[in-house]
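Listed below are the residues making up each chain.
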Amino acid sequence: MPAMWNMGRYVRMELQSLMFLLPALFFYLSFFLFPTLSSSYYSLTDWDGITSQYIGLDNFREMLHDKMILTSFKNTALYTVGITTLQNLAGLLLSLILVKKFKGVNLMRTLFFMPYIFSTLLVGFVWGFILEPNIGVINNLLHAVHLGGLARGWLSEPQLARWMIVLVTVWQCVGYSMVIYIAGLQGVPKELYESGDLDGAIGFKRFYHITFPLIAPAFTINIMLCLIGNLQLFNQIYALTGGGPGYATESVATMIYRLGFGTGVRWGYGSALSVTLFLCIFTLTMILVTFLRKREVEM
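All chains use their own residue numbering, which begins from 1 and follows the written sequence. Given that this is a predicted model, residues contribute local features only at a pLDDT of at least 70 and side-chain atom pairs are listed and counted only at 80 or more, while totals for whole chains, interfaces and linings are drawn from all residues. The side-chain quantities take in all heavy atoms of the structure and omit both hydrogens and water.

## Points about the pattern of salt bridges
Alright, step 1. Just to be clear on terms, a salt bridge is a Lys or Arg side-chain nitrogen sitting within 4 Å of an Asp or Glu carboxyl oxygen. What the rule picks out here adds up to 3 salt bridges.
Alright, step 2. Close ionic contact of Asp 58 with Arg 61 constitutes a salt bridge, the shortest N to O distance being 2.7 Å. With Asp 58 and Arg 61 both in helix H2 (residues 58-63) and 3 residues apart, this pair spans about one turn of that helix.
Alright, step 3. The buried label goes to any residue with under 20% of its type's maximum accessible area, the exposed label to any with over 50%, and the partly exposed label to all in between, with areas taken from a 1.4 Å probe on protein chains only. The partly exposed category is assigned to Asp 58, whose relative accessible area is 39%. Helix and strand definitions here come from DSSP, where helices need a minimum of 4 consecutive H or I residues and strands a minimum of 2 consecutive E residues; each element is numbered from the N-terminal end.

## Points about helix H12 (residues 252-261)
Alright, step 1. Taking burial as the measure, the 10 residues of H12 include 7 buried ones, the bulk of the element.
Alright, step 2. By the burial criterion, the buried members of H12 are Val 252, Ala 253, Thr 254, Met 255, Arg 258, Leu 259 and Gly 260.

## Comments concerning unusual backbone geometry
Alright, step 1. The omega angle of the peptide bond from Gly 244 to Pro 245 is -5°, so this bond is cis rather than trans.
Alright, step 2. By secondary structure assignment, the location of Pro 245 is in the loop between helix H11 (235-240) and H12.
Alright, step 3. Despite not being glycine, His 146 has its phi angle at roughly 65°, a positive value.
Alright, step 4. Residue classification places His 146 among the exposed positions, given a relative accessible area of 73%.

## Topic: the packing of aromatic side chains
Alright, step 1. Here the aromatic set is Phe, Tyr and Trp, taking the six-membered ring for Trp, and pairing holds for ring centres within 6.5 Å; pairs whose planes are under 30 degrees apart are stacked, those over 60 apart are edge-to-face, and all others are tilted. Scanning the model with the defined rule gives 13 aromatic pairs in all.
Alright, step 2. Considering the side-chain rings of Phe 234 and Tyr 257, the 5.5 Å spacing of their centres and the 65° angle between planes classify their relative orientation as edge-to-face. Highlighted residues: Phe 234 in the loop between helix H10 (216-231) and H11 and Tyr 257 in helix H12, separated in sequence by 23 residues.
Alright, step 3. Looking at Phe 234, the relative accessible area reads 22%, which means it is partly exposed.
Alright, step 4. Pairing Tyr 238 with Tyr 257 gives two aromatic rings, centres 6.0 Å apart and planes at 80°, and the pair type is edge-to-face. Residue Tyr 238 is located in helix H11, and its partner Tyr 257 is located in helix H12; the two are separated by 19 residues in the primary sequence.
Alright, step 5. The exposure class assigned to Tyr 238 is partly exposed, which follows from its relative accessible area of 41%.

## Description of the environment of Leu 96
Alright, step 1. Here Leu 96 shows up in helix H3 (residues 67-98).
Alright, step 2. For Leu 96 and Glu 14, which are 82 residues apart along the polypeptide, the C-alpha to C-alpha distance reads 48 Å.
Alright, step 3. Leaving out residues up to four positions away in the same chain, Leu 96 has contacts with Leu 185, Phe 207 and Thr 211. For this analysis, residues touch if any pair of their heavy atoms sits within 4.5 Å.

Right, here's the structure in full:
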């Protein structure tokens, strides 16, 4: 009898514990798992939001010949590589400077991190006004210092607009990468630097042989966060260019939005594009995690 009573008590305790998981489980099933599975199904249909007709892989075949979709993938690749590279280089450089103790270091850290806490859409709209060709600060400032020849349509010239999106995103997010790198640098034992000084490891050698290997986990985290976030880049593009001029600055995420809520209601096609983006993110994430984790072990 005591054994049965203990067993019943154990089961009741487990059930009580599971009750705390139900709200989280409900939200997970309702807002993640079910939409993901339904999107996978609708990617195989011609769906206008009301009626759907099964068409197999036709949506995926159409994407291979759709110039706007192919352009959006090229732009997404540019944004991802450009932002990830510049954000991590700038974040690492700032962290190497601001990890040191000097007067005002906390204020400088705060100033660099502050843009990250603002709304991405708000930042995009503000920079849109700054880069506006007629009344924007940049062009007016260039004219004021007699450098009007350098004035440009920063958001109306396709190549420039793409790089403005990259630079604005880096400006807003570099502080986040900086904080992660500072946390990694603060974990490097000072004794290793002292030993390195005795062995002649100074300057770049000190960074390459001691610092960089020991902040490999921080580097991995930053690369993965940048990769996943930039492959889904939407807010900055929506606020700065709206995908224009034409479709020149569209990303995959903005094309998904345009297909569902823009020029035409093609939710089945948009679902196919979202599934493709998910598979790209999943595949690249798995490859990079494997490579970067292996690099951490080797270092």
